[in-house]
Amino acid sequence: MKKVVKFGGSSLANAEQFKKVGSIIRKEEARRYVVPSAPGKRFSGDTKVTDLLYQCYGKAETDEDFEDILREIHSRYQEIIDGLEIELSLDDEFDVIRRNFREKAGADYAASRGEYLNGIIMAEYLGYTFLDAAKYITFKDDGTFDDVTTQEKLSACLEQVEKAVIPGFYGAYKDGRVKTFSRGGSDVTGSIVAKACNADIYENWTDVSGFMVTDPRIVKNPEIIETITYRELRELAYMGASVLHEDAIFPVRKAGIPINIRNTNAPDDRGTMIVANTCYKPKFAITGIAGRKGFTSISIEKDMMNSEIGFGRRVLSAFEKAGIPFEHMPSGIDTMTVFVNQHEFEEHEQMILSEIRRLCEPDLVELETDLALVAVVGRGMKKNKGIAARVFAALAHAGVNIKMIDQGSSEMNIIVGLESRDFEAAVRAIYDVFVNMEL
């Protein structure tokens, strides 16, 4: 058994958390490759180290004195080192960082130092080999991730190294300049490492015991999803669920490596397993509920629309010209409705409407703003009768008016459009029907 384990910022915020992480790693010999994030918040109101690094570099970039912030960052790491009682000095590393800040090495370089320094501490604490991600995680000249080169270099290295720490979040261009993934990129690094070493499982340790059926800010203490497929995860993530960094799914999905989401503070909890396929029967008829606010619908009406070849293409070309993607497009015989992000649409509103009128000559165009979309997702929906009826009944009972209904051909999701003011009530109503009433 070979495992890659990634730990988030909250799991490595201080020495006490480091010790928990060390116990978890040492408990299983299979946990051979470790991907750490930068230290997160130690308490409410604290500042993440990555944010301090951005602030520090911001001052350096404008030739302001940044020593106070750099000392604060240094003291955060020294606090961890002292708490772990290890013999390690980061003075030389901070001298290099100070020099590179003065030479304007770039915001990506600055942000990456959080993971880099935490990786050094973690490797020393565990007795593992430290591998600087900048030497193995490669980006192309256009800033996109170079999967082929990375896999070649990283796979060759890991074949020779039994146990290693590889910092998350960053890599480098071929000329050595540091490049970061977007926020949450340590998840991506963990996935890349798992693929490179052909891991049996990629464990992603955080501060919750897995993915929840819905947003805990809307429903108090929602149930944990025990097993979820990559397809279900993709649907929920797209609809706004706070899950893994989107790019972290694809390397391991392609390689068929399952992901296990675990809780550093409750290591005995099973967490959530993310798999390609499963015969595991879900606990509820649905897997999850997610949604987003901030949509506008543009409804286009025209007699005999269905007989006009290319009508839909002409409508969508108006949005394409403005560089705006559409979210959903339910249609009838003589009507078509396009749901788009409201903020993006407002910037190009009149241009798009003029283009639709010019290209399509509609009888009527209507706009509706402040809409939300709620998705009910689950592989079990396909084999359960009356799912849609239960969703609509729950919303009707909660007094929520449905503006749009869309069910994919896979029968894995049902998406409803409604007014933003009804969003939270809708999520709670659906959760009650499919989870609370089944417990």
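Structure first, text after, so check above.
Residues numbered from 1 in each chain as written. Predicted model: local features only at pLDDT ≥ 70, side-chain atom pairs only at ≥ 80, totals over all residues. Heavy atoms only, no water.

## Here we look at the overall build of the protein
Then comes step 1: If you tally the helices and strands in the protein, you get 13 helices and 17 strands.
Then comes step 2: On C-alpha atoms alone, the protein measures out to a radius of gyration of 25 Å, which is about the 22 Å that the 2.2 N^0.38 rule sets for 439 residues.
Then comes step 3: Seen along its three principal axes, the alpha-carbon backbone of the protein occupies a region of about 75 × 50 × 40 Å.
Then comes step 4: The buried share of the protein, reckoned over its 439 residues, is 53%.
Then comes step 5: Taken as a whole, the protein presents about 20,200 Å² of accessible surface, with 46% of it coming from carbon and sulfur.
Then comes step 6: When the 55 positive and 69 negative side-chain charges of the protein are each reduced to one mean point, those points stand 4 Å apart. (Helix = DSSP H or I, 4+ residues; strand = E, 2+ residues; numbered from the N terminus. Rg over C-alpha atoms; globule rule 2.2 N^0.38 Å. Buried < 20%, exposed > 50% of the residue type's maximum accessible area, 1.4 Å probe, protein only. Areas by Shrake-Rupley, 256 points an atom, 1.4 Å probe, with all protein chains shown as cover. Lys, Arg positive; Asp, Glu negative; His and termini not counted. Charge placed at Lys NZ, Arg CZ, Asp CG, Glu CD.)

## With respect to the sheet that holds strand β1 (residues 3-7)
Two pairing modes exist for strands in a sheet, parallel and antiparallel, and in both the strands are linked by backbone hydrogen bonds.
Then comes step 1: Judged by pairing direction, the sheet is mixed, and its eight strands sit side by side in the order β3-β5-β2-β1-β8-β10-β11-β9 without closing on themselves. At either margin of the open sheet sits one strand with a lone partner, and together these are β3 (129-130) and β9 (227-229).
Then comes step 2: Strand direction decides the pairing type here: strand β2 (residues 31-36) and strand β5 (residues 164-165), joined by two bridges, are parallel. In the sheet register, Y33 faces β5, and the bridge partner there is A164.
Then comes step 3: Sheet strands in contact with helix α8 (residues 230-238) are β9, β10 (259-263) and β11 (272-275), and its direction is about 80° off that of β9. (Pairing = 2+ DSSP bridges. Contact = heavy atoms within 4.5 Å. Axes fitted to C-alpha atoms, helices over the stretch in contact; angles between N-to-C directions.)

## So, the pairing of β1
Then comes step 1: Of all five residues in β1, five are buried, a share of seventy percent or more.
Then comes step 2: Two strands pair when backbone bridges link them, and β1 and strand β8 (residues 201-206) are joined in this way by five bridges, in the parallel orientation. Within the sheet, the bridge partner assigned to V5 lies in β8 and is E203.
Then comes step 3: Bridge count between β1 and β2: five bridges; the pairing is parallel. Residue K6 lies in a different strand from β2, and its bridge partner there is V35.
Then comes step 4: Running through helix α1 (residues 15-27), the crossover from β1 to the neighbouring parallel element β2 is right-handed. (Right-handed = clockwise from strand over helix to strand, strands pointing away.)

## Observations regarding the packing of helix α3 (residues 67-84) against helix α4 (residues 91-102)
Then comes step 1: Relative orientation of the contacting elements α3 and α4 amounts to 150°, with a least axis distance of 11 Å. It follows from the interaxial angle that α3 and α4 lie roughly antiparallel. Considering only the axes of α3 and α4, their crossing is right-handed. Residues E67, L70, I73, H74 and Y77 of α3 pack against D91, F94, I97, R98 and R102 of α4.
Then comes step 2: Grouping the amino acids of the contact of α3 with α4 by side-chain chemistry returns five nonpolar, one polar and four charged. (Parallel < 35°, antiparallel > 145°, perpendicular 65-115°, else oblique. Left-handed = near helix turned anticlockwise from the far one by under 90°. Nonpolar A, V, L, I, M, F, W, Y, C, P; charged D, E, K, R; others polar.)

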